[in-house]
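Chains, contacts and geometry: an overview
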Amino acid sequence: MSDQINDKPATSEGHKARRGAGFWALWGGVGAVALIAASGGAGWIFLNKVDLGGFVARRATAALGRTVQVGSLHVTPGRWLKVEIANARLANIPGGTGPDMVRVGRLAAEVKASSLLHGPMLVRHVAISDVYVMVERTPQRLPNWRFGKQAEAGAKPAASHPPAGPDDRSSYPTALDVAVQNGEVIYRTAHGSEFRTTLKTVTLQTDGADKPVHLAVDGAYNDTPVTMTATMQPFSILRQTKTPYGIDMEAKSGDMTITFKGTATDPINADGIKGVVTFNSPTSRPMMQIAGLPAQQDIAMQMSGQFEHEGDLWSVTQGKGMVKDNPMTITLMRLVEGDHGKPDHVTADIAFSQLNLNEFLSHQKSVNPSETDIPLTVDSAPDPLIDAHLSVKQLSYNVLHFSNMTLAASVKPGTVAVDMLALDYLGASLKASGKIEGADKGAAHVGAAVNVSGADIEKLRQALGFGPVPIAGRVDMQMRADATQKTLNAAVHAADVAAAVSMINGSLDRKVIGLVSADLRMLFNKPKGMTPVSCMLGVVSSRGGVGQALPLRIRTGDGTVAANARFDLNRKWFDLTFGSQASTTGRFALDIPVRVSGSFSSPMVRPASWSAEGRAMMAQTDRLNVLPAGVKEFALKNACYRVVGK
């Protein structure tokens, strides 16, 4: 995100500035006062009587270019110098949310005097309380964490430069024990969004510079309780700048547990991190609360993988996990933080062996799967941008079950693009592409092109609730659909559809040809068996599930059937008029049209009316609807297209 704190100094001289005002205010102030004490001679005895707060505040103000106030600062001499600071403040920038960027109520520490001469500094009994830190950008996008020459650059991006590398940690002090109480750290974006971390207690402890370091944090993020424990390598390893620093961490919030075991090449700035991360949450509610999203249902989640963070790049690879009993494999999950004013960019490549969307989209377990729906929402300025590749071996949505699903989709400003959707359904292969674009009144426009191949007629008629049909074989289809609605189900029901359906090498019951042609020979010898279909073509147009098939033609060796159909998928009703072409039937055929109409499951069959309406319907079979280019090209390839009008 453009407002995240990821600024890097433009030159190598800026390395130390990256450690932050809090770090240098603590150790710089303590070190300066201790050196004065060590060189004070006779003043050493009376040093604890002197308040050095004003002196240190003036020096810090001059160094940072921003007002620093220190209520009091006292040093008590001895083998361990005792330093106490009260009511320290660092001013915010003009236009900031409040007057202070940093406030520290009390800071006390003991510094081993000899370590000031020989280094590195050794401190103990560090106690800090009542800490407040506000990190923010003003509405003019000025960051408050820049000081001196960096502050003069304002919000302008730093000039391009080679990576500066991690801080020089060779003189980093050893802190034997540190305790922080009552802290609050707030990050505020230029748009006014706040991310608040509350620190009830923070403790750090080690038995020496060559002993492991133990860290414990008890606090909250955006009012959601969070605890963290970590075991880290000794300070002696931390001071080896070119050696990755080992960290073993566990964080908990409610039923959510996150662990990390790995290294960091720049631990002071939490950068150059590599290791194994695991995530487990039986409900996912703490994660949703931390993200500020409503938790409408419990979703059990488990995940593990290789985690990396380097500069603006965050990624998880080689991941495996489970989402609500749906096993998944994570090839890649990557976040690239955006530059100033630009969104983040997420790339994902995830595979599921099975995925039941009804479990995620139905807010109540008792909800019928047929009521599952997906809202169509499009953001004009999405953050992050998304490029996702998803594959599922077995997919359930609503009452439908698909296999071998592959999806490549992206989220861009004002658009959700489906670059490729492929799946198998009822033995057929479907490939589609399309876009979802923002529209008025909270709706979205959906436009999709669909190509279906190898759909079995028998399986389709059973899925649609049709009665037995006298035709067998597999059909191909090319379709274009458009709708402007608020949900996916509403878009499917209300879509404007133009489609062409084609079949080659199917078969048709010979009785149909005899019935359609009214062949007199059927009075004495009813035909048996199936006759091969050399071609079939149906052109369908509909709006809101109500439409017409015009023309509909089937060519066989026993004759050619032409038809016209009207249908209403909402009522499961249709009205079909069909007849044979006289030029393709025998001398005993009367070629009287037949009408089949009624419900899908139990239609009525009777001779077609010779009314003006009936004749007009039959005449329409010699005319093609206006088709979208892709659908028309598909229809042109069918041999039955060329017999229209003959």
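None of these values were measured; they are calculated from a predicted model.

**Things to note about the state of the cysteines**
- Within the structure shown, the criterion is met by one disulfide.
- The disulfide partner of Cys-535 is Cys-640, and the gap between their sulfur atoms is 2.1 Å. Disulfide Cys-535-Cys-640: torsion about the S-S bond near 85°, hence right-handed. Of this pair, Cys-535 sits in strand S26 (residues 530–543) while Cys-640 sits in the segment after helix H12 (629–636), placing them 105 residues apart in sequence. With respect to burial, Cys-535 and Cys-640 carry one shared label: buried.

**Digging into the pairing of strand S6 (residues 177–188)**
- Across ten bridges, strand S4 (residues 122–136) lies against S6 in parallel orientation. Within the sheet, the bridge partner assigned to Glu-136 lies in S6 and is Arg-188.
- Bridge count for S6 against strand S7 (residues 194–205) is eleven bridges, and the pairing is antiparallel. By the bridge assignment for S7, Val-185 is matched with Thr-197.

**Description of the pattern of salt bridges**
- As enumerated under the stated definition, the model contains twelve salt bridges in all.
- Residue Asp-218 pairs with Lys-200 through a salt bridge whose shortest N-O separation is 4.0 Å. Of the two residues, Asp-218 is situated in strand S8 (residues 213–221) and Lys-200 in strand S7; the sequence distance between them amounts to 18 residues.
- Note on Asp-218: relative accessible area 27%, which makes it partly exposed.
- Given a relative accessible area of 51%, Lys-200 falls into the exposed group.
- In this structure, Arg-571 engages Asp-568 in a salt bridge whose closest nitrogen and oxygen atoms are separated by 4.0 Å.
- Given the relative accessible area of 10%, Asp-568 is considered buried.

Rules behind the numbers
Residues numbered from 1 in each chain as written. Predicted model: local features only at pLDDT ≥ 70, side-chain atom pairs only at ≥ 80, totals over all residues. Heavy atoms only, no water. Disulfide = S-S within 2.5 Å. Helix = DSSP H or I, 4+ residues; strand = E, 2+ residues; numbered from the N terminus. Buried < 20%, exposed > 50% of the residue type's maximum accessible area, 1.4 Å probe, protein only. Pairing = 2+ DSSP bridges. Salt bridge = Lys/Arg side-chain N within 4 Å of Asp/Glu carboxyl O.

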